[in-house]
Amino acid sequence: MAKENGKATAVAHSNIALVKYWGKRNEALVLPWQSSLSVTLAPLEVKTTVAFGAPEDNIRLNGKEAKGSERARVIALADVVRKSKPQLGPLCVHSEGNFPASAGLASSAAAFAALALALREAAGLEEEVEATSLLARLGSGSACRSIQGGVCVWHRGEREDGADSFARQHFAAEHWPNLRMVAVILSREEKAVNSRDGMRNTVQTSPYYPAWVKAAEADIGPALEAIGARDIEKLGTLAERNAWRMHATSFAATPPLSYMKPATLAILLALEEERRKGTALWFTLDAGPNPVLLTEEAHLPKALAFAERFSPLEAVVCHPGGDARLLSEGHLF
Ligand code: DP6
């Protein structure tokens, strides 16, 4: 449909995990030790155009030529597709986010989800959710949860080849349209340890890691129940506990790893008092200093006033987004 001489364009939303993925059992295949659950984040999205048959591999991300590991990760994903169809040849990739990559929001999930969908389409492969999620996973684990919208669970799978490790939608975005996620941007500095290195170090050295795996896996069922019942208090309480536990595993690593800054902790510790005042507000925190607050539309003004007290650079309001999709026009080149 979106194909034009081996060219395809796809758009995908970012996502925020409420039950985090933290640690791989197989690095090369990006296979996690535990399942994870996330909500797709609209309006944050990345658009990617891919065309095979270029003179040489050419990768541009947000207007700049990609270099080093960024470029290598895009080419590695393209190679997965090219392996089965060597005649496709070199490719040109342009990718742009509608939010700054350095904003501290998970742009790689959206970027690799859009790339996987566009790559398969440009290569003439069937549009198939499961296969696209599997491909996106090889680019970045969390990206496999951005192929479908709403609430997705990445089931860890059991197979050694990873063929059963992909994400599936459990609730469409329409199930809980007034759910809100507010990303509180406290810092735009590049973090000292990226999530890939941070989780590797945690798996290898944290004595708490096995307990994390067990506890996180056990969070999936109750999180789905809370979402099914649209119970923000149950979901928020569970998401907070899951985030504390993920970060606790890393505090206990050698060398110890904290993604929290003093300003992060100030927000996290003020939430209980805010809830006593009647605001439905909880946090989750990825591998960075910027918390994402979980609330509902009716509590948004109070949530934003709360965030403002900590003088953030920005507060970005998100709602559950839809599926990654192919576009038939508006290619980036
Ligand atoms: C803390 O998906 O960025 O955001 O698979 O190594 O590319 P790689 O890691 P990535 O890690 C995300 C970690 C997290 C939690 C989550 O999104 O589940």
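Residues numbered from 1 in each chain as written. Predicted model: local features only at pLDDT ≥ 70, side-chain atom pairs only at ≥ 80, totals over all residues. Heavy atoms only, no water.

Go over the overall build of the chain with me, naming the residues and quoting the values.
Helices and strands together make up the secondary structure of the chain, namely eight helices and 14 strands. Over its C-alpha atoms the chain spans a radius of gyration of 19 Å, differing by no more than 12% from the 20 Å that the globule rule assigns to 333 residues. When its C-alpha atoms are laid out on the principal axes, the chain stretches across 60 × 40 × 35 Å. Of all 333 residues assigned to the chain, the portion counted as buried reaches 55%. Nonlocal contacts in the chain, meaning residues at least 24 apart in sequence, comprise 76% of its contacts between residues at least 6 apart. Taking the average place of the 37 positive charges on the side chains of the chain and the average place of its 38 negative ones, the gap between the two points comes to 3 Å. (Helix = DSSP H or I, 4+ residues; strand = E, 2+ residues; numbered from the N terminus. Rg over C-alpha atoms; globule rule 2.2 N^0.38 Å. Buried < 20%, exposed > 50% of the residue type's maximum accessible area, 1.4 Å probe, protein only. Contact = heavy atoms within 4.5 Å. Lys, Arg positive; Asp, Glu negative; His and termini not counted. Charge placed at Lys NZ, Arg CZ, Asp CG, Glu CD.)

How would you summarise the packing of aromatic side chains if you had to cite specific residues and measurements?
Going through the model one piece at a time under the given rule, you end up with four aromatic pairs. Between Y21 and W154, the ring centres sit 4.7 Å apart and the planes meet at 65 degrees, which makes this aromatic pair edge-to-face. Linking Y21 in the loop between β1 (7-19) and β2 (24-26) with W154 in strand β8 (residues 151-154), this pair joins segments that are 133 residues apart in sequence. Residues Y21 and W154 agree in their burial class; the two are buried. (Phe/Tyr/Trp six-rings, centres within 6.5 Å; stacked < 30°, edge-to-face > 60°.)

A description of the pattern of salt bridges should follow, citing residues and the corresponding values.
Counting across every chain of the model gives 17 salt bridges. The closest approach of N and O atoms between D286 and K20, which form a salt bridge, is 2.6 Å. Linking D286 in the loop between β11 (282-284) and β12 (292-296) with K20 in the loop between β1 and β2, this pair joins segments that are 266 residues apart in sequence. For D286, a relative accessible area of 29% corresponds to the partly exposed category. Since its relative accessible area comes to 1%, K20 is described here as buried. (Salt bridge = Lys/Arg side-chain N within 4 Å of Asp/Glu carboxyl O.)

Describe helix α6 (residues 232-251), listing the residues and the values that go with them.
If you check α6, its first and last C-alpha atoms are 28 Å apart, about what 20 residues at 1.5 Å a residue would give, namely 28 Å. Residues of α6 that are buried include every one of I232, L235, G236, L238, A239, E240, N242, A243, M246, H247, T249 and S250, and no others. Of the residues flanking the start of α6, the one acting as N-cap is D231, its side-chain oxygen 3.3 Å from the backbone nitrogen of E233. (Expected span 1.5 Å × (residues − 1). Polar contact = N/O pair within 3.5 Å; in protein donor to acceptor, adjacent residues only side chain to side chain.)

Describe the site of the ligand, with residues and values.
The ligand sits among 18 residues. The nearest are Y21, K24, S140, S142 and R196. Residue S140 places a side-chain N or O atom 2.7 Å away from an oxygen atom belonging to the ligand. Between R145 and the ligand, the recorded distance is 2.8 Å, taken from a side-chain N or O atom to an oxygen atom. Ranked by residue count, the leading element in the shell around the ligand is helix α4 (residues 195-205), at three residues. Split by residue class, the shell around the ligand holds seven nonpolar, five polar and six charged. (Near = heavy atom within 4 Å. Nonpolar A, V, L, I, M, F, W, Y, C, P; charged D, E, K, R; others polar.)

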